[in-house]
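Below, each chain spelled out in residue letters.
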Amino acid sequence: MTAIPGPKSRELLARKQAAVPPGIGTALPVFVTRAGGGVLQDADGNSLIDFGSGIAVTSVGNAAPKVVERVRRQVADFTHTCFMVTPYESYVRVCEKLNELTPGDHDKRTVLVSTGAEAVENAVKIARHATGRPAVVVFDHGYHGRTLLTMTLTAKNMPYKEKFGPFAPEVYRVPLAYPFRWPSGPENCAEEAAEQAIDMITKQVGADNVAAVVIEPIAGEGGFVVPARGFLPRVAEFCRTNGIVFVADEVQTGFARTGTMFACEDEGIVPDIITTAKGIAGGLPLAGVTGRAEIMDKVHAGGLGGTYGGNPLACEAALGVMETIEEEDLVARARHIGDTMLPRLRALQERFDVIGDVRGRGAMIAIELVEPGTKVPNPAAVQEIVRRCHAEGLLVLTAGTYGNVLRFLPPLVIPDHLLDEGLGILEKAIAEL
Ligand SMILES: *Cc1c(COP(=O)(O)O)cnc(C)c1O
């Protein structure tokens, strides 16, 4: 309807700039008035195709009917008691469901909190308490949040850590099996990366000092890096033989996003603790820490919690999300999205050597852009493609340690015709570039 952003959005953006500090960035400055079915509507009457889902959150769609209905009922009944003061059933139900849905059929317990960072912090607290050990091992390209501990766990300096130190102690970083950028080639990547990681842990930290290894099964903000096959099982096995708590951070990869309920399932990994958030509650703030009962039960009464953790509106939303995933078989739908996107993006890679790598699983897909004929990161090309896509009404997001990755996270309910139209806009933007 108008240029992007239109006049109303520009007016609101000026107000934002006067009221909100620039530390809170904006990927695409259109102000949203309604959203759903893979479309964002803005204040100027424009409709944009959503390949972002609010960063992998609205997987069941925006304002999904089952979420809206449950939240509407709950908001009229009660909005908060604090689960630590007087409990309510929906919190328990969400925990039962998480215990059932996460990998492994062992006895599990779940704690609910409000954000992904809080879930990761609690996973570390629990692992330290259960093992009596201080150290935490994380990986290159990892992202775990913006609080003091989780930004310490995060790999990338700019923008997450720059001048926000000093950081938390006892955090150690080891290599991730990144096939596209592995020096000796993708075929050696899994084995060599695992060997290096394990060597660093044993020689530099001491396996006996490590409480937890925290890893994303597919690195999210780091650029949708799918670790070479064999790497994750090797790391998980090392943890098992050394009494280290293996924490899978599935905040971005979880809840059907990658074509399985959890990304760990792809290689049959059973984590000791799994953290979830983002796609769990359709946009209401909720996160979970699910782990082996014998680990979770170690922490003393009152050692875990928070005022808002497992808020009743968010719990009802999560139950609505789980029903929607099941009833609409969104796990299969995520696979279908991957099966649609990957061949088209690979065909594009054949035509344009600015595309160095195409990767991802299910509805978590990315392309990595390079200086043609090299592996030199090309963030300028990413910025230009994003600019063109946004101008044509397709919301896409960026990622990557080198800022040279375009990532696609459409809602799993996006209709085929919109997926196709979005891909068409992307193809045109790359061809024109
Ligand atoms: C987004 C994210 C987090 C942090 O979640 P917040 O809700 O933003 O605190 C942690 N881990 C991963 C893998 C994420 O993608």
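Rules used throughout
- Residues numbered from 1 in each chain as written.
- Predicted model: local features only at pLDDT ≥ 70, side-chain atom pairs only at ≥ 80, totals over all residues.
- Heavy atoms only, no water.
- Near = heavy atom within 4 Å.
- Polar contact = N/O pair within 3.5 Å; in protein donor to acceptor, adjacent residues only side chain to side chain.
- Nonpolar A, V, L, I, M, F, W, Y, C, P; charged D, E, K, R; others polar.
- Salt bridge = Lys/Arg side-chain N within 4 Å of Asp/Glu carboxyl O.
- Helix = DSSP H or I, 4+ residues; strand = E, 2+ residues; numbered from the N terminus.
- Expected span 1.5 Å × (residues − 1).
- Buried < 20%, exposed > 50% of the residue type's maximum accessible area, 1.4 Å probe, protein only.
- Core = buried A, V, L, I, M, F, W, Y, C linked by side-chain atoms within 4.5 Å.
- Domains from an automatic or database assignment.
- Contact = heavy atoms within 4.5 Å.
- Phe/Tyr/Trp six-rings, centres within 6.5 Å; stacked < 30°, edge-to-face > 60°.
- Lys NZ or Arg CZ within 6 Å of the ring centre and 35° of its normal.
- Pairing = 2+ DSSP bridges.
- Axes fitted to C-alpha atoms, helices over the stretch in contact; angles between N-to-C directions.
- Parallel < 35°, antiparallel > 145°, perpendicular 65-115°, else oblique.
- Left-handed = near helix turned anticlockwise from the far one by under 90°.
- Buried area = accessible area lost by both parts, 1.4 Å probe.

Draft legend 1. Broad picture of the site of the ligand. The ligand sits among Thr115, Gly116, Ala117, Tyr143, His144, Gly145, Glu216, Asp249, Val251, Gln252 and Lys278. Between Ala117 and the ligand, the recorded distance is 2.8 Å, taken from a backbone N or O atom to an oxygen atom. Side-chain polar atom of Lys278 to an oxygen atom of the ligand: 2.6 Å apart, as the coordinates give it. Residues belonging to the shell around the ligand are distributed by class as follows: three nonpolar, five polar and three charged.

Draft legend 2. Representation of the pattern of salt bridges. If you walk through the whole model with that rule in mind, you get 25 salt bridges. Of the charged contacts, one joins Arg109 and Asp297 as a salt bridge, the two residues approaching to 3.3 Å between their closest N and O atoms. Of this pair, Arg109 sits in strand β4 (residues 108-113) while Asp297 sits in the loop between α9 (293-296) and α10 (312-327), placing them 188 residues apart in sequence. Connected through shared salt-bridge partners, Glu384, Arg387, Arg388, Lys428 and Glu432 make up one network.

Draft legend 3. Structural context of helix α5 (residues 116-131). Taking 1.5 Å as the rise per residue, α5 with 16 residues should run 22 Å; its terminal C-alpha atoms sit 23 Å apart, in good agreement. Turning to α5, its buried residues number three or more, namely Gly116, Ala117, Ala119, Val120, Asn122, Ala123, Val124, Ile126, Ala127 and Ala130. Trailing α5 by a residue or two, Gly132 shows a phi angle of about 70°, which is positive.

Draft legend 4. Geometry of the nonpolar core. Grouped together as the largest cluster of nonpolar side chains are 90 residues, with contacts concentrated most on Leu345, Phe408 and Leu426. Among the elements that make up this core, the one with the highest residue count is α10 (nine residues). Taken together, domain 1 (7-60 + 329-432) and domain 2 (66-327) each give at least three residues to this core, which thus spans both. Among residues more than four places away in sequence, those in contact with Phe408 are Phe51, Phe224, Met341, Leu345, Ala363, Met364, Ile365, Ala366, Ile367, Val396 and Leu426. If you look at the next biggest cluster of nonpolar residues, it comprises 36 residues, including Leu176, Ile198, Phe231 and Ile269.

Draft legend 5. Local environment of the packing of aromatic side chains. Throughout the structure, instances matching the rule amount to eight aromatic pairs. Between Phe83 and Tyr91 the ring centres are 3.5 Å apart and the planes differ by 5°, which places this aromatic pair in the stacked class. Note on Tyr91: relative accessible area 10%, which makes it buried. Ring pairing ties together the aromatic residues Phe78, Phe83, Tyr88 and Tyr91, which thus form one cluster. Over the ring of Phe180 we find Lys375; its NZ or CZ atom is 4.7 Å from the centre of that ring.

Draft legend 6. Expanded view of helix α4 (residues 89-101). The first and last C-alpha atoms of α4 sit 18 Å apart over 13 residues, in line with the 18 Å expected at 1.5 Å per residue. In this fold, the buried residues of α4 make contact with β4, β9 (273-276), β10 (287-292) and α10.

Draft legend 7. Region of the structure containing the sheet that holds strand β8 (residues 245-249). Taking strand neighbours across the sheet as the criterion, the seven strands line up as β4-β10-β9-β8-β7-β5-β6 in an open arrangement whose pairing is mixed. The open sheet has two edge strands, β4 and β6 (171-174), and neither has a second partner. Mean inter-strand twist for the sheet, computed between neighbouring axes without regard to direction, equals 20°. Here strand β7 (residues 210-215) pairs with β8 via four bridges, running parallel. Each bridged residue has a counterpart across the sheet, and for Val214 the counterpart in β8 is Val247. In the packing of α4 onto the sheet, contacts are made with β4, β9 and β10, and the angle to β4 comes to roughly 130°. The strands touched by α5 within the sheet are β4, β5 (135-139), β7, β8, β9 and β10, with β10 carrying the most contacts at an inclination of about 25°.

Draft legend 8. Broad picture of unusual backbone geometry. The linkage connecting Met158 with the following residue, Pro159, adopts the cis geometry, with an omega of 5°. Structurally, the position occupied by Pro159 is in the loop between α6 (148-153) and β6. Residues Gly165 and Pro166 are joined by a peptide bond in cis, for which omega reads 5°. In this structure, Pro166 sits in the loop between α6 and β6. We note that Ala256 has phi near 75°; this positive angle belongs to a residue other than glycine.

Draft legend 9. View of the packing of α4 against α10. At a minimum axis separation of 9 Å, α4 and α10 run at an interaxial angle of 40°. As the angle between them shows, α4 and α10 are arranged oblique. As for how α4 packs across α10, the hand of that crossing is left-handed. Contacts between α4 and α10 involve Ser90, Tyr91, Arg93, Val94, Lys97, Leu98 and Leu101 from the former and Pro312, Cys315, Glu316, Ala318, Leu319, Met322 and Glu326 from the latter. Among the residues making up the contact of α4 with α10, the classes are represented as nine nonpolar, one polar and four charged.

Draft legend 10. Representation of the pairing of β5 within the structure. Within β5, five of the five residues are buried, leaving the element largely enclosed by the surrounding structure. Both faces of β5 are covered, namely the face carrying Ala135, Val137 and Phe139 and the face carrying Val136 and Val138. Sheet analysis places β5 next to β7, joined by three bridges and oriented parallel. When the bridges of β7 are listed, Ala135 appears paired with Val210. Across four bridges, the pairing between β5 and β6 is parallel.

Draft legend 11. Representation of the domain arrangement of the protein. Per the domain assignment, the segments making up the protein are domain 1 (7-60 + 329-432) and domain 2 (66-327). Here the C-alpha centre of domain 2 lies 25 Å away from the C-alpha centre of domain 1. With 40 residues of domain 1 in contact, the opposing surface of domain 2 contributes 34 residues. Between domain 1 and domain 2 the total buried area reaches about 3,000 Å² when both faces are included, carbon and sulfur atoms providing 58% of it. Linking domain 1 to domain 2 there are three salt bridges. The salt bridge partner of Arg407 is Glu221, with a shortest N-O separation of 2.9 Å.

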